[in-house]
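Listed below, chain by chain, are the residues.
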Amino acid sequence: MADPLRFLLLLSVLPLTMSDPLLRPRSLLAVRSDPNRPRLDLIRRQINDHINLATSYASFARRLKLDHSKHVRLFSDLSRNLSNLISSFPPPLQSDSSPDHPVVDISDSDLRSLERQVKERIRITRQLVSEAKESFDNQLKIQKLKDTIFAVNEQLTKAKKSGAFSSLIAAKSIPKSLHCLAMRLMQERIKNPSKYKDPAVPPPEFEDPRLYHYAIFSDNVLAASVVVNSAVKNSKEPWKHVFHVVTDKMNLGAMQVMFRKKDYNGAHIEVRAVEDYTFLNSSYVPVLRQLESAKLLEFYFQNKMENATKDTTNMKFRNPKYLSMLNHLRFYLPEMYPKLHRILFLDDDVVVQRDLTGLWKIDMDGKVNGAVETCFGSFHRYTQYMNFSHPLIKERFNPNACGWAYGMNFFDLDAWRKEKCTEQYHYWQNLNENRTLWKLGTLPPGLITFYSTTKPLHKSWHVLGLGYNPNISMEEIRNAAVVHFNGNQKPWLDIGMNQFRPLWTKYVDYDMDYIRQCNFKA
């Protein structure tokens with residue numbers, strides 16, 4: 001009988017008779033002496049092994065969710081066919097034979113035929129395994145790589161948030177040496193009150209529109225002195241320059257001592273406290289009124305890690321300095337200096353490198369604000385600073401309009417008064433009480449207030465980024481009239497960039513006793 005399956009079928013219908021010597025129960029010795037038994041057991045084991053192999057690969061294909069779904073079907077079919085094949089085998093040879101479990105002999109020819117059939121199916125199984133193995137391995141590697149990338153990205157995001165929070169804390173901190181300087185200057189002010197008392201009548205130069213006037217608003221004694229030192233040392237006629245330094249009440253005494261202790265080659269320096277400008281009250285200034293909001297105070301002063309990192313990109317806008325009136329004084333220059341026509345606003349983190357009187361010779365063309373534009377490509381456009389999904393912003397402003405920088409701004413105060421820019425600032429600041437128009441800070445309301453009234457200045461007047469961008473070329477810095485350490489890495493902090501720090505430290509008065517006593521590094 002050539003076909004083993006037909007042979008097995010025939011066996012299933014043959015009558016069982018003890019008279020047939022082929023079907024009589026054999027003794028244990030007879031079972032052990034059957035020469036086909038080892039071959040039959042080997043075939044059975046091979047089939048079982050490949051059933052398990054096909055089942056495993058089918059399961060593996062499902063788990064990997066392969067695009068080649070045919071692998072799942074083929075392996076499942078192979079497993080099923082092998083199972084059917086093994087179920088068609090004769091009953092296992094047993095020592096305790098009985099009429100219900102007869103033992104049969106299989107001829108050599110039938111066993112060889114069955115063996116060939118099994119080998120063919122095993123060959124097909126192995127071929128499919130070989131073809132699929134490479135695909136399975138690649139898919140597994142890809143999946144592992146994806147899992148690794150995801151885990152690394154999660155760690156990177158967490159590290160960025162933690163780093164941004166730490167950087168913000170470092171930027172807000174007051175170095176021990178800077179605190180020491182303010183305290184020693186204040187101690188000198190307390191010891192000699194009459195020596196540093198303001199004159200009963202302010203010098204006329206403070207209101208003389210023919211002179212060159214600067215506005216510096218700061219609570220950092222050393223930084224403010226560096227701005228004045230650098231501007232004076234690089235001016236051709238220092239006696240024609242007037243510096244209006246405004247600080248808060250707490251630092252007023254220290255500022256007065258700092259600027260009275262030194263001769264500035266005839267330059268005139270006025271030091272006042274922001275509290276001296278009585279018109280700046282909550283009934284007039286939107287920012288001061290908004291300070292009374294509990295939600296705003298919670299937003300700024302609840303310094304928890306989880307709160308600070310909810311908006312990592314704009315975390316810097318959570319800095320409480322944006323609530324300081326010193327930061328918003330720039331919008332009240334015409335009222336602070338009513339007799340002046342033009343004034344140059346300087347941040348306290350800038351260094352002046354050449355004479356700036358050329359700014360007063362620029363034709364402003366009726367514009368209010370002279371500033372260096374900062375846009376290049378799609379960067380620093382209005383859309384980055386304001387919420388253009390808000391209908392008012394979308395209606396009034398061009399999202400592709402070029403942004404400009406605060407830090408060195410030349411203001412035509414007559415044009416300011418004519419354009420009623422302060423009123424415009426109040427209007428928009430009131431609308432943004434819930435922070436729906438912009439993220440806070442002073443640049444967005446500045447971009448709005450002076451929209452279409454800003455005259456672009458040549459970029460050599462003002463080079464930015466020395467507080468965050470280490471890739472600024474030294475040639476560009478050397479050609480700049482003003483360099484700006486905007487960013488968290490201020491030159492008076494330990495986190496300041498060493499390659500740019502000498503540009504700032506060269507204007508620190510290391511000869512002053514108080515600075516030496518407070519261990520400032522040169």
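Scroll up a little and you will see the structure.
Here the structure is a predicted model, which means the values were calculated and not measured.

The number of helices and strands found in the chain is 20 helices and ten strands. Of all 522 residues assigned to the chain, the portion counted as buried reaches 47%. Intrachain contacts of the chain at a sequence separation of at least 6 include 77% that bridge at least 24 residues. Just so you have it, the chain exposes about 27800 Å², and 53% of that area is on carbon and sulfur atoms.

A few words on the pattern of salt bridges. Under the definition given, this model contains twelve salt bridges. D365 is the salt-bridge partner of K455, the closest N and O atoms lying 2.8 Å from each other. Remark: D365 occurs in the loop between β5 (350-352) and β6 (369-372) and K455 occurs in strand β8 (residues 454-457); sequence separation between them is 90 residues. For R417, the salt bridge goes to D414, with nearest N and O atoms at 3.1 Å. Linking R417 with D414, this pair stays in helix α15 (residues 413-419), spanning three residues, or about one helical turn. The partly exposed category is assigned to D414, whose relative accessible area is 37%. One connected set of salt bridges, linked through shared partners, spans K249, R272 and D276.

The first and last C-alpha atoms of helix α7 (residues 221-233) sit 18 Å apart over 13 residues, in line with the 18 Å expected at 1.5 Å per residue. The buried count for α7 comes to twelve of 13 residues, which makes it a mostly enclosed element. When we look at burial in α7, the residues that qualify are V221, L222, A223, A224, S225, V226, V227, V228, N229, S230, A231 and V232. If you check the start of α7, you find a side-chain oxygen 3.3 Å away from the backbone N of L222, and it comes from N220.

Moving on, we get to the sheet that holds β6. Overall, mixed pairing links the seven strands, which are arranged β3-β2-β1-β4-β7-β6-β8 in an open sheet. Among the strands making up the open sheet, the edge pair consists of β3 (268-273) and β8. Within the sheet, the average angular offset between the axes of one strand and its neighbour, ignoring direction, is 25 degrees. Summarising the sheet, β6 and β8 pair through four bridges and their orientation is parallel. Within β8, the residue paired with N369 across the bridge is T454.

This part covers the state of the cysteines. For the coordinates displayed, the defined rule picks out two disulfides. Between the sulfur atoms of C180 and its disulfide mate C518 the distance is 2.1 Å. Here the disulfide of C180 and C518 is left-handed, its torsion about the S-S bond being about -75 degrees. Within this pair, whereas C180 is found in helix α6 (residues 176-191), its partner C518 is found in the segment after α20 (513-517), the two being separated by 338 residues in sequence. Its relative accessible area of 5% is what places C518 among the buried residues. Between the sulfur of C375 and that of C402 lies a disulfide, 1.7 Å long from S to S. On the sign convention where negative is left-handed, the bridge of C375 and C402, at about -105 degrees about the S-S bond, is left-handed. You can see C375 sitting in the loop between β6 and α14 (391-396) and its partner C402 sitting in the loop between α14 and β7 (408-412), a full 27 residues away along the chain. Relative accessible area serves as the criterion here: at 22%, C375 is assigned to the partly exposed category. Among the residues examined, C402 registers a relative accessible area of 16% and is labelled buried.

Read from one edge of the open sheet, three strands run β5-β10-β9, paired in mixed fashion. Because the sheet does not close on itself, it has two edges, and the strands there are β5 and β9 (462-463).

What follows covers the packing of aromatic side chains. The tally for this structure, following the rule as stated, stands at 24 aromatic pairs. Between the aromatic rings of Y427 and W428, the centroid separation amounts to 5.2 Å while the plane-to-plane angle is 80 degrees, which identifies the pairing as edge-to-face. For the ring pair W492 and W504, a centre distance of 5.7 Å and an interplane angle of 50 degrees mean the geometry is tilted. Taken together, the residues W492 in the loop between β10 (482-484) and α19 (501-505) and W504 in helix α19 connect sequence positions twelve residues apart. Comparing W492 with W504, the two get one shared label, buried. Taking NZ or CZ as reference, R330 lies 4.6 Å from the ring centre of Y406, over its face. One Lys or Arg, R354, reaches over the ring of W461 and ends 5.1 Å from the middle of that ring.

Calculation notes
Residues numbered from 1 in each chain as written. Predicted model: local features only at pLDDT ≥ 70, side-chain atom pairs only at ≥ 80, totals over all residues. Heavy atoms only, no water. Helix = DSSP H or I, 4+ residues; strand = E, 2+ residues; numbered from the N terminus. Buried < 20%, exposed > 50% of the residue type's maximum accessible area, 1.4 Å probe, protein only. Contact = heavy atoms within 4.5 Å. Areas by Shrake-Rupley, 256 points an atom, 1.4 Å probe, with all protein chains shown as cover. Salt bridge = Lys/Arg side-chain N within 4 Å of Asp/Glu carboxyl O. Expected span 1.5 Å × (residues − 1). Polar contact = N/O pair within 3.5 Å; in protein donor to acceptor, adjacent residues only side chain to side chain. Pairing = 2+ DSSP bridges. Axes fitted to C-alpha atoms, helices over the stretch in contact; angles between N-to-C directions. Disulfide = S-S within 2.5 Å. Phe/Tyr/Trp six-rings, centres within 6.5 Å; stacked < 30°, edge-to-face > 60°. Lys NZ or Arg CZ within 6 Å of the ring centre and 35° of its normal.

These figures come from the coordinates and say nothing about function on their own.
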